[in-house]
Amino acid sequence: MAGRIFVHKEITVSSFAAVGGKEEKAGPLGAYLDYHEESGKFGAKTWELAEGEMGGLALQFALAKEKRNPKDVSLVFAGDLQNQCVATTHGLLPFSIPYLGIYGACSTCTEGLLLSALALSNPSVVRCAALTSSHFCAAERQFRLPLEYGGQRAPTAQWTATAAGAFLLCRYEDSPHPVRLTLSASMAGRAVDGGLSDASNMGAAMAPAAADSILTFLSETDTSPEEYDAIVTGDLGSEGTRLLHQILADNGVSLGERHRDCGMLLYDKDKQDIHAGASGCGCSAAVLAAYFLPALSSGKLRKILFLSTGALMSPSSIEQGEDIVGIAPVICLQSGKENHFV
Amino acid sequence: MKFDKEKYAKESKKGAPRSPLLRNGFATFWVGGSICLVGELLYRFFLSLSLLPKTASVSATVALVFASALLTALGVFDSIGRYAGAGTLVPVTGFANAVVSPAIDTKSEGLILGVGAKIFTVAGPVLLFGTLAGGLYGVLYALYLLFFGM
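Note that the structure is a prediction, hence the values are computed from the model and not measured. Residue positions are given per chain, counting from 1 as you read along its sequence in written order. Here the convention is simple: chains get letters from A, ligands get numbers from 1, in the order in which they are written. Given that the model is predicted, a residue must reach a pLDDT of at least 70 before its local features are reported, and side-chain atom pairs must reach 80 or more before they are shown or counted; all residues, however, enter totals for whole chains, interfaces and linings.

Regarding the sheet that holds strand β10 (residues 192-193) of chain A
Within a sheet, adjacent strands bond to each other through the backbone by hydrogen bonds, running parallel or antiparallel. Residues and elements named next belong to chain A. Definition in use: The rule for pairing is simple: two strands pair if DSSP sees at least two bridges between them. Put simply, DSSP marks the helices as runs of H or I at least four residues long and the strands as runs of E at least two long, and each gets a number from the N terminus on. Here contacts are defined at the residue level, using C-beta atoms placed from the backbone and a cut-off of 7 Å between them. Inter-axis angles, ranging from 0 to 180 degrees, are taken between N-to-C directions of lines fitted to C-alpha atoms, where helices are fitted over the stretch in contact.
Spatially, β10-β16-β15 is the arrangement adopted by the 3 strands of the open sheet, whose pairing is antiparallel. Each end of this open sheet is capped by a strand with a single partner; those strands are β10 and β15 (310-312). By the bridge criterion, 3 bridges tie β15 to strand β16 (residues 325-327) in an arrangement that is antiparallel. Looking at β16, one finds that L312 is bridged to V325. Across the sheet, helix α6 (residues 202-221) touches β10, β15 and β16, and the angle it forms with β16 is around 50°.

Have a look at this one:
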């Protein structure tokens, strides 16, 4: 069998930033965002361009934190939820960084980090950036109903986050400051069809893919959940989380309190009207940049598994009644220069 | 991974949180009822202006459609709809919202390709099948009159 686990040697995430909108600012992680904008327009004339502006801002913050110039970046892996990833394309225009567009639905954040780490194994690549965004207003327009439509959402529905996360990655030797955290290993996810087609219950559609990735990663690396301080999923929400625990239990694995879901961390479920939690590729990216990476940098967390979860579907595939296929790439992040896999 | 699709489909439905029926039903009836009450008051108001009953009834409908279009444009209707559900959806107010909201949404794509092409994305099926059903009923009624009429 081909090797599933990619071990990365001396790769660090040297800088990161998170940007959000009004709801994200009002959530429990609001204080940790680098920037937010109440109107969600970010000075643009359409929601689609607003998302691009927001992504651009996140990258600008990540670059500014280590006083870096866009010219220093060899390659950016970036994507969003819009058709043909137009938000990202427009947002990245002013930077003029060599760009590889990626799409993994809400798993794009982890996908970009994984690809950046792989690219850095080539010595010609000095510095990579990974960037992801999603915007509630642009996503609603594309996937659901008009913004001003007065209807009720299903209790299992999730709220697309207006958020973006940007990350700069390099080898230890190119880090501008002492290495604070390490991207030690990664694994691309398999597309998993859980047999569900309800677009207002995406957490349930993605849970089987998350379970497949967690089980595979643990068995391939011969590690147990207890060895990780946290196993973090992207945007399963409350429903997906419930079902993930059930599938894992069927397979004899229990994560317990160790499991965290970015979709449940971004908003305050009791105070904000967001139903089953947050979703969108900006969700896991912003939560990673605003919460988990700082915790790893400071040593509060030593080792985590991070898997953004993507629901691979389009408005047409949903209308045609096709199943929503899930995917969940995994990365292992560790504090300082620790690397469990070398 | 041990995973059974059929069992999973059942499991995902069984444990999922349900819509709060009692709360939603309550909101639906009081908001929907109030809208109908406003309609009735409008109807009487128009009658008092010595409009014919038929004209007064159409005028009341038009006034309700206008109000809900205005509230949609002001960005208030979606919040009311989120609370009231079928209470605002079933009366003519819901239909107005279903036409105006895509119109606002697609303004950024221009008058022709945006508003013009997409204004009926939500209300389209109702318009199409409503018109078809009306036509079909008309044909059946004509046939009825032909064979069984006076």
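Anyway, onward from the coordinates.
A word on unusual backbone geometry
What is expected of a backbone is that most residues other than glycine have negative phi and most peptide bonds are trans. Residue and element names in this part refer to chain A. Test applied: Residues with at least 20 other C-beta atoms within 10 Å of their own are called buried, those with 12 or fewer are called exposed, and the rest are partly exposed. The C-beta atoms themselves are positioned from the backbone.
Its identity as a non-glycine residue notwithstanding, E10 has a phi of 55°, on the positive side. With respect to the helices and strands, E10 occurs in the loop between β1 (6-7) and β2 (11-20). Assessed through the 18 C-beta atoms surrounding it within 10 Å, E10 is described here as partly exposed. Positive phi, close to 55°, is recorded for D222, a residue that is not glycine. Positionally, D222 belongs in the loop between α6 and β11 (230-233). Classification of D222 as exposed rests on a count of 7 C-beta atoms within 10 Å.

Focus on the domain arrangement of chain B
Reports of interface size often rely on the accessible area that becomes lost once the parts have come together. Residue and element names in this part refer to chain B. Going by this rule: Domain start and end points were adopted from an automatic or database domain assignment. Only Asp, Glu, Lys and Arg are considered charged in this grouping, and only Ala, Val, Leu, Ile, Met, Phe, Trp, Tyr, Cys and Pro are considered nonpolar; every other residue, Gly among them, is considered polar.
Structurally, chain B comprises domain 1 (5-119) and domain 2 (121-150). For domain 1 and domain 2, the distance between their C-alpha centres works out to 25 Å. The partner domain 2 presents 4 residues to the 5 residues of domain 1 that form the contact. Of the residues that constitute the side of domain 1 that touches domain 2, the class distribution is 4 nonpolar, no polar and 1 charged.

Looking at the domain arrangement of chain A
All names here are of chain A. Under the domain assignment, chain A is made up of domain 1 (6-174) and domain 2 (181-335). One C-alpha centre belongs to domain 1, the other to domain 2; they are set 18 Å apart. Listed as interface residues are 52 residues of domain 1 and, on the opposing side, 55 residues of domain 2. Taken together, the elements giving at least two residues each to the side of domain 1 that touches domain 2 come down to β1, β2, α1 (22-26), α4 (108-119), β6 (127-134), α5 (136-143), β7 (159-160) and β8 (163-171). Along the lines of polarity and charge, the residues of the side of domain 1 that touches domain 2 split into 30 nonpolar, 17 polar and 5 charged.

Re α6 of chain A
Residues and elements named next belong to chain A. Spelled out, the test is: Here, expected helix span is obtained from the residue count minus one, scaled by 1.5 Å. Bend at a given residue is defined as the angle between two axes, one fitted to the seven residues that end at that position and one fitted to the seven that begin there.
Helix length check: α6, at 20 residues, gives a terminal C-alpha distance of 29 Å against a target of 28 Å (1.5 Å per residue), a fit within 8%. Its maximal kink placed at P208, α6 deviates by approximately 25°. Of all 20 residues that make up α6, 14 are buried, and the element is covered over most of its length. Where α6 ends, the next residue or the one after it, D222, has phi of about 55°, a positive value.

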